[in-house]
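Structural characterization, general
Each chain, written out:
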There are 2 protein chains.
Amino acid sequence: MKIAVLGCGTVGSGVVDLIDELGSVYAKRCSQKSVEVKYILDLRDLKDTPYETRVIHDIESIINDGEIDVVAEMMGGTEPAFTFCMRAMAAGKCVVTSNKQLVAEKGEALMAQAEKNDVAFMFGASVCGGIPVLRNIFSCLSSNKTESFSGILNGTTNYILTKMTEEKSSFEAALSDAQKKGFAEKDPTDDIEGFDAARKTAILCSACFGSHVYPDEIKTKGITEITLEDVTYLKNAGFAVKLIGRGSVKDGRIYACVAPAALSEKDILSGVRGVLNAVFIKGNAMPELMLSGPGAGKLPTASDVVADILECARLKFKNEPVYSWSEHRDGIMGDVDLSEKRFYVRGFSNDTEKTTARVREAFGGIKLLSDGGAKDIAFICEADGRSVLNDRLDSADGFVPVSVIPVL
Amino acid sequence: MKIAVLGCGTVGSGVVDLIDELGSVYAKRCSQKSVEVKYILDLRDLKDTPYETRVIHDIESIINDGEIDVVAEMMGGTEPAFTFCMRAMAAGKCVVTSNKQLVAEKGEALMAQAEKNDVAFMFGASVCGGIPVLRNIFSCLSSNKTESFSGILNGTTNYILTKMTEEKSSFEAALSDAQKKGFAEKDPTDDIEGFDAARKTAILCSACFGSHVYPDEIKTKGITEITLEDVTYLKNAGFAVKLIGRGSVKDGRIYACVAPAALSEKDILSGVRGVLNAVFIKGNAMPELMLSGPGAGKLPTASDVVADILECARLKFKNEPVYSWSEHRDGIMGDVDLSEKRFYVRGFSNDTEKTTARVREAFGGIKLLSDGGAKDIAFICEADGRSVLNDRLDSADGFVPVSVIPVL
């Protein structure tokens, strides 16, 4: 099997390195005479690297080379990646990609192209690189109707929340530490506002529920409003705060969101610490499968890309509906708030004692987490959805809510 | 695709139920016109059940029916399951099995038969039913050289240990509760002595390291000697006791054992509670993948069987070395004790104060977990392997060790 790699950045070079090292092992595993990278498409010349002799700058050489079985796209971005992938499939080549943005925005067109040209299109590495969550959904759980998932889909925010919980860092200090360690970008917006998690949630919804969901359909809230007080009150009460992307399907409607949530310390996701990612999946036959792993990084992501390349060979480079969604295309987004029944609330008042009594009355009972010493009032309460919650909070005269986190 | 089910017990009936309910969905997922169960081989007639009209008592009808693409074996035991599977493959049919004993004892012969007859032989459900750990190793991690694994592979013992830890039950009370709830057999030997976990560890070693390992090669210790004192001392020090099956490979030697171990509460496996199972896998490219799930049960196990059946169709019913081990057949078992460096030890003496001082001296420092009030002395110490540990314990005059648990 001969492979062309598009883009020799972090993941792309990882793919080349793995195949250069283990090509002969891979060949046995997928019944090929050999597994090797023939071309590396990159803008640079990559002089004095192990890649130099294979570098080309022109996609045409790849498209026109009948020897190339699989094109592995790791350029990132939508264009020219999309055009290159479409052309490669039209030329009868399988396409494997780790490009989250490409799959989230153009997944449907790419799948249709794969079907039309009877080639494989695989994107296992596009969500949580290093955790084969898509392959688990499409292959290991192919026997299931997936009912719901929830996951810690962003390592940067999980690192920040873990540091706040375990080391009593403020949000700002934890973010700054994550930037120093290279876990967060200089401009961390994409991570801390939940946009990265929303793209992954969109792909997981599409994969789990069979209908393409776009990132901008996902109601998204990041972690910037979570304070050390919130994390500490909840920790003392036996809960961990996590940024959770979740989705479920009921009566043909898809419900999905990204938002901070409080998880009981008995919840297996609550033990997923630091930069680790994790996804919990529930199917009709498989009630609880949890996968956790790095979620990013050169070799872990390359590992997923190469597994997809080997799978192309096992499928004889033909189209099989392994990674695809088309089972019920009429899924409409529903309002996830309706399913929330329990909340952590923190706020303040000028008369803690009186206001606490009013809050207690409004909810007919709460679990108080604050000790009454400060102006803070923090508690866990029950309410049938957000609008009921808000009505009750409004009715507690003198209470000014600051922070609301659903308890899952 | 037409399927014959051998054995309509718990898992077998689950497979028929899933296919009866979701056959048309499955057909799309693996590009077949239909997916259906044509025969159910069972000793009983299964009168007045949904299975009745498909029941047969004679394997010959299945072997001789050219319409049957896949035989799904869920009879259990080695014979006649082995003979039936060998014959089915000789007749050109793919075989899928959930039979742990069959795979552990006859895996090599079955794989050779599959290769010889160019059919698929799949056994994803034979370890931790409901956690697709084998499919993850062979498919999702096909790009990796697996270096080590460790897992909670037995739900009964994990339930007992969780109950001891969280509810301060004695071992006897927790076992009796597990029996009442149906999590433990009347004769629980196979679970509590670690034999069940050893069979799974053997299959995982074979799958991860490419060389067939037999259960009786695995050094095995169960949980019968773990006391409430041990669990409590360790819990208070931030550790959870788990029955761990583990394996690793170094310089062509395979190291493996089943034994209780103390895990830090920051270790993701320590949060796997109750009857849940989990496996942690480390490959050269994928540093930490953790899978957790039910590990047993009708539908979860059937889910793995059906996923394998669909995979047979995706591979056009041909042999692909998906589930197989043959990469380095010269793996010899090594002594896992060598890798242990930290231990929990509990014992007693007639003079706690003096003996504690001697223990402290023997190890050049220990972390004392007991409070000196009782005759118990419990501590965590470091030593370079078991024999060094034992020498040092011997040298602490007056100390009688009762319990030793490695800290992983």
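None of these values were measured; they are calculated from a predicted model. Residue numbering note: each chain is counted from 1, following its sequence as written. Each chain takes a letter, starting from A, and each ligand takes a number, starting from 1, following the order in which they are written. Local features in this predicted model are restricted to residues of pLDDT 70 or higher, and side-chain atom pairs are both shown and tallied only at a pLDDT of 80 or more, whereas totals for entire chains, interfaces and linings draw on every residue. The side-chain numbers reported here are obtained from all heavy atoms of the structure, hydrogens and water having been left aside.

Some points on a nonpolar patch on the surface
Residues and elements named next belong to chain A. Basically, it comes down to this: Put simply, a patch holds well-exposed residues, over 30% relative accessible area, that have no salt bridge, with like charges counted together within 9 Å and Val, Leu, Ile, Met, Phe, Trp or Tyr side chains within 5 Å. Methods summary: accessible areas were calculated by the Shrake-Rupley approach with a probe of 1.4 Å, and residue burial reflects only the protein chains presented. Take a side-chain nitrogen of Lys or Arg and a carboxyl oxygen of Asp or Glu: if they are within 4 Å of each other, that pair is a salt bridge. Put simply, DSSP H or I for four residues or longer makes a helix, DSSP E for two residues or longer makes a strand, and each gets a number counted from the N terminus. Per-residue accessibility, obtained with a 1.4 Å probe over protein chains only, is compared with the maximum for each type, and a residue is labelled buried under 20%, exposed over 50%, and partly exposed between these values.
Residues Phe348, Val400 and Val402 make up a contiguous nonpolar surface patch of roughly 240 Å² in combined accessible area. Examined against the element boundaries, phenylalanine 348 turns out to sit in strand E14 (residues 342-348). On the basis of relative accessible area, phenylalanine 348 is assigned to the partly exposed category, the value being 39%.

Some words on the packing of aromatic side chains
Each aromatic ring pair is described using two quantities: the centre-to-centre distance and the angle formed by the ring planes. Here is the rule: Two rings from Phe, Tyr or Trp (for Trp, the six-membered ring) form a pair when their centres are within 6.5 Å of each other. A pair whose planes differ by under 30 degrees is stacked, one over 60 is edge-to-face, and the rest are tilted.
Taken as a whole, this structure holds 12 aromatic pairs over all chains when the rule is applied. When the ring of phenylalanine 121 of chain A is compared with that of phenylalanine 123 of chain A, the centres are 5.4 Å apart and the planes differ by 40°; the resulting orientation is tilted. When its relative accessible area of 5% is taken as the criterion, phenylalanine 121 of chain A is described as buried. For phenylalanine 123 of chain A, a relative accessible area of 0% corresponds to the buried category. Where tyrosine 159 of chain B meets phenylalanine 183 of chain B, the ring centres are 4.9 Å apart and the plane angle is 65°; that geometry is what we call edge-to-face. One end of the pair, tyrosine 159 of chain B, is in helix H6 (residues 155-167); the other, phenylalanine 183 of chain B, is in the loop between helix H7 (171-180) and helix H8 (189-192), and 24 residues separate them in sequence. On the accessibility criterion, tyrosine 159 of chain B (12% relative accessible area) is buried. The class for phenylalanine 183 of chain B is partly exposed, based on a relative accessible area of 33%. Here the aromatic cluster, defined as three or more aromatic residues joined through ring pairs, consists of Phe121, Phe123 and Phe138 of chain A.

Some words on the sheet that holds strand E15 (residues 367-368) of chain B
Residue and element names in this part refer to chain B. Heads up, the condition is: A strand pair is defined by DSSP finding two or more bridges across the two strands. Only heavy atoms enter the contact rule, under which two residues are in contact if any of them lie within 4.5 Å. A fitted line through C-alpha atoms serves as each axis, taken over the contacting stretch for helices, and the angle formed by two N-to-C directions is quoted from 0 to 180°.
Overall, antiparallel pairing links the 4 strands, which are arranged E15-E16-E14-E17 in an open sheet. The strands lining the two open edges of the sheet, one partner per strand, are E15 and strand E17 (400-406). By the bridge criterion, 2 bridges tie E15 to strand E16 (residues 376-382) in an arrangement that is antiparallel. Residue lysine 367 lies in a different strand from E16, and its bridge partner there is isoleucine 380. Against the sheet, helix H12 (residues 352-363) engages E15 and E16, with an angle of about 10° to E16. Against the sheet, helix H13 (residues 386-395) touches strand E14 (342-348), E16 and E17, its axis set at about 155° to E17.

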